[in-house]
Amino acid sequence: MGAVAIAGVAGGGIAGERLPIFDTHVHYSQGAWDAFSPRKALDALEAAGVERALVSSSPDHGTIKLHRAAPDRIVPILRPYRGEVRSSNWIDDPKLIDYLEARLKLGVHKGIGEFHLFDLPGSTATPQVRQMAKLAAARSLFLHIHSGPGPVEAMFRIEPKSKILWAHAGFTTPPAEVGALVERYRNLWVEMSFRAHSIMPGERIDPAWRDLFLSHPDRFMVGTDTYVSDRWAVYIGLVDEHRAWLEQLPREVAEKIAYRNAERLFGK
Ligand SMILES: [Zn+2]
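Bear in mind the structure is a predicted one, so any value in this text is a computation, not a measurement.

Participant: Where do I start with the coordination of the zinc ion in this structure?
Facilitator: Each donor-metal-donor angle would ideally measure 109.5 degrees in four-coordinate tetrahedral geometry, or 90 or 180 degrees in six-coordinate octahedral geometry. Bound to the zinc ion are the protein donor atoms Glu114 (OE), His146 (ND1) and His168 (NE2), situated 1.8 to 2.3 Å from the metal. Donor residues for the zinc ion sit on one chain with the sequence pattern E-x31-H-x21-H. A residue pair is termed long-range when its members are at least 10 positions apart, and Glu114 in strand 4 (residues 111–116) and His168 in the loop between strand 6 (163–166) and helix 8 (175–184) qualify at 54 residues. Here Glu114 and His168 have matching classes, each one buried.

Below is the structure:
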């Protein structure tokens, strides 16, 4: 316990040593391609000390371009969105399964997402969504889901073998509720993009979040969510806002959340 406590005080470790990050929520969508060439996007990751990243995009072409430029650094996730198929209508897309199956033939994607499921009755009830859950489980692909707790639970009911990466920890879901879900579902992992300010509203990490990370250190990861090109422009800051709270956790826990959990799930 003593050694852990000392490591906790040390936080970020040796002065000047930057915690490596595996960013589990990057988009490289069409709107970013002009301002950020693949080289420039990869330079942004490098400058921010991000060693690996889960990347998805609308359309998928951007993800594949980035992956081909740096196959060791980029882990592709397949987004259902392209053209007129967007967050508002993808659950009813009649071509969804054909599209996913065709893209998955590339053999490089480790998951499907990030996609949105709204907290409305029926959002997980379309045949396409159900089939997608079955397809992902059969191929051991993760589902990267932006939703509140309700749709996450609905997806586990459709396919109990699902592996779910919950985007933004539900965006507004309080830590106690996030903890209850993590305890209920062993194949649920949670990424904290957009939550740095709720985790650390001031100078110190919020105690409820801290306790949750300490009791489930293997289930959390960090992400930036570069959903618009403006966020590529401030990428280092988006990464560092996570380092700020991670450095207030014991080093061992901070390393797990920063990159070790993602490496275990998505490869080194
Ligand atoms: Zn999102």
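Participant: Whenever I open this one, helix 5 (residues 96–104) confuses me. Can you help?
Facilitator: Structurally, the α-helix is built with 3.6 residues per turn, so residues lying three or four positions apart point the same way. Leu96, Ile97, Tyr99, Leu100 and Leu104 are the residues of helix 5 that are buried. Taken end-on, helix 5 shows its buried residues confined to a sector of 160 degrees, consistent with a single buried face. Buried residues along helix 5 sit in contact with strand 3 (74–78), strand 4 and helix 6 (127–138).

Participant: Teacher, can you tell me more about the packing of aromatic side chains here?
Facilitator: A ring pair, where both rings are aromatic, is described by two values, the distance of the centres and the angle of the planes. This model, assessed by the stated rule, comprises 14 aromatic pairs. Look at Trp232 and Tyr235: their rings are 5.5 Å apart centre to centre, the planes differ by 25 degrees, and that puts the pair in the stacked class. Note on Trp232: relative accessible area 2%, which makes it buried. Under the relative-accessibility criterion, Tyr235 is labelled buried at 1%. Among the aromatic residues, those joined into a ring-pair cluster are Tyr28, Trp33, Phe36, Trp232 and Tyr235. Its end group placed over the ring of Trp33, Lys65 keeps NZ or CZ at 4.1 Å from the ring centre.

Participant: Which parts of the structure should I look at to understand the pattern of salt bridges?
Facilitator: Where side chains of opposite charge bring their charged atoms close, a pairing between them can arise. Evaluated as defined, the whole model comprises 13 salt bridges. In this structure, the salt-bridge partner of Glu255 is Arg260, at a minimum N-O distance of 2.9 Å. The exposure class of Glu255 is buried, given its relative accessible area of 15%. In this structure, a network of salt bridges that share partners links the residues Glu17, Arg251, Glu255 and Arg260.

Participant: I tried to follow the packing of helix 7 (residues 149–158) against helix 8 on my own but got confused; where do I start?
Facilitator: Helix packing for two helices is described by the angle between their axes and how far apart those axes are. Look at helix 7 against helix 8: their axes get within 11 Å of each other, and the N-to-C directions meet at 5 degrees. Judged by the inter-axis angle, helix 7 sits roughly parallel to helix 8. Between helix 7, through Pro149, Val152 and Glu153, and helix 8, the contact on the second element is made entirely by Glu177, Leu181 and Arg184. Broken down by class, the residue content of the contact of helix 7 with helix 8 amounts to 3 nonpolar, no polar and 3 charged.

Participant: How do you make sense of a nonpolar patch on the surface when you look at a structure like this?
Facilitator: A grouping of Phe171, Phe194, Tyr227 and Val228 is seen on the molecular surface, where their side chains present a nonpolar patch of about 350 Å² in accessible area. Its place among the elements puts Val228 in the loop between strand 8 (220–221) and helix 11 (229–233). Val228 gets classed as partly exposed once you look at its relative accessible area, which sits at 35%.

Participant: Looking at this structure, how should I read the side chain of Asp60?
Facilitator: Relative to the elements of secondary structure, Asp60 occurs in the loop between strand 2 (50–56) and helix 4 (61–69). On the basis of relative accessible area, Asp60 is assigned to the buried category, the value being 0%. Side-chain polar atoms of Asp60 contact the side chain of His109, separated by 3.1 Å. With near-sequence residues (within four places) excluded, Asp60 lies in contact with Ile77, Leu78, Tyr99, Arg103, Leu106 and His109.

Participant: Explain unusual backbone geometry here, please?
Facilitator: Most peptide bonds take the trans form, and the phi angle of most residues other than glycine is negative. Residues Ser58 and Pro59 are joined by a peptide bond in cis, for which omega reads -5 degrees. Mapped onto the secondary structure, Pro59 falls in the loop between strand 2 and helix 4. Residue Glu114 is reached from Gly113 by a cis peptide bond, and omega for that bond is -20 degrees. Even without being glycine, Phe194 reaches a positive phi, approximately 70 degrees. Tracing the sequence through the fold places Phe194 in the loop between strand 7 (188–191) and helix 9 (196–199). The phi dihedral of Asp225 is positive, around 60 degrees, even though this residue is not glycine.

Participant: Is there a simple way to explain the environment of Ala196 in this structure?
Facilitator: Within the fold, Ala196 resides in helix 9. Take Ala196: its relative accessible area is 3%, and that puts it in the buried class. Linking Ala196 and Leu78, residues 118 residues apart in sequence, is a C-alpha distance of 26 Å. Apart from residues lying up to four places away in sequence, Ala196 is in contact with Glu241, His242 and Trp245.

Participant: Quick question: what am I supposed to make of the sheet that holds strand 1 (residues 21–27) here?
Facilitator: Sheet strands associate in pairs through backbone hydrogen bonding, adopting either a parallel or an antiparallel arrangement. Sheet architecture is open: 8 strands sit in the order 1-2-3-4-5-6-7-8, paired in parallel fashion. The sheet terminates laterally at strand 1 and strand 8, the two strands that pair on one side only. Where strand 6 and strand 7 come together, 3 bridges link them in parallel fashion. Paired with Ile164 across the strands is Leu188, a residue of strand 7. Along the sheet, helix 4 contacts strand 2 and strand 3; its crossing angle with strand 3, the most-contacted strand, is approximately 160 degrees.

The rules behind the values
- Residues numbered from 1 in each chain as written.
- Predicted model: local features only at pLDDT ≥ 70, side-chain atom pairs only at ≥ 80, totals over all residues.
- Heavy atoms only, no water.
- Donors = N, O, S within 2.8 Å, 3.2 Å for Na, K, Ca; no water.
- Helix = DSSP H or I, 4+ residues; strand = E, 2+ residues; numbered from the N terminus.
- Buried < 20%, exposed > 50% of the residue type's maximum accessible area, 1.4 Å probe, protein only.
- Arc of directions from axis to C-beta.
- Contact = heavy atoms within 4.5 Å.
- Phe/Tyr/Trp six-rings, centres within 6.5 Å; stacked < 30°, edge-to-face > 60°.
- Lys NZ or Arg CZ within 6 Å of the ring centre and 35° of its normal.
- Salt bridge = Lys/Arg side-chain N within 4 Å of Asp/Glu carboxyl O.
- Axes fitted to C-alpha atoms, helices over the stretch in contact; angles between N-to-C directions.
- Parallel < 35°, antiparallel > 145°, perpendicular 65-115°, else oblique.
- Nonpolar A, V, L, I, M, F, W, Y, C, P; charged D, E, K, R; others polar.
- Patch = residues over 30% accessible without salt bridge, like charges linked within 9 Å, V, L, I, M, F, W, Y side chains within 5 Å.
- Areas by Shrake-Rupley, 256 points an atom, 1.4 Å probe, with all protein chains shown as cover.
- Polar contact = N/O pair within 3.5 Å; in protein donor to acceptor, adjacent residues only side chain to side chain.
- Pairing = 2+ DSSP bridges.

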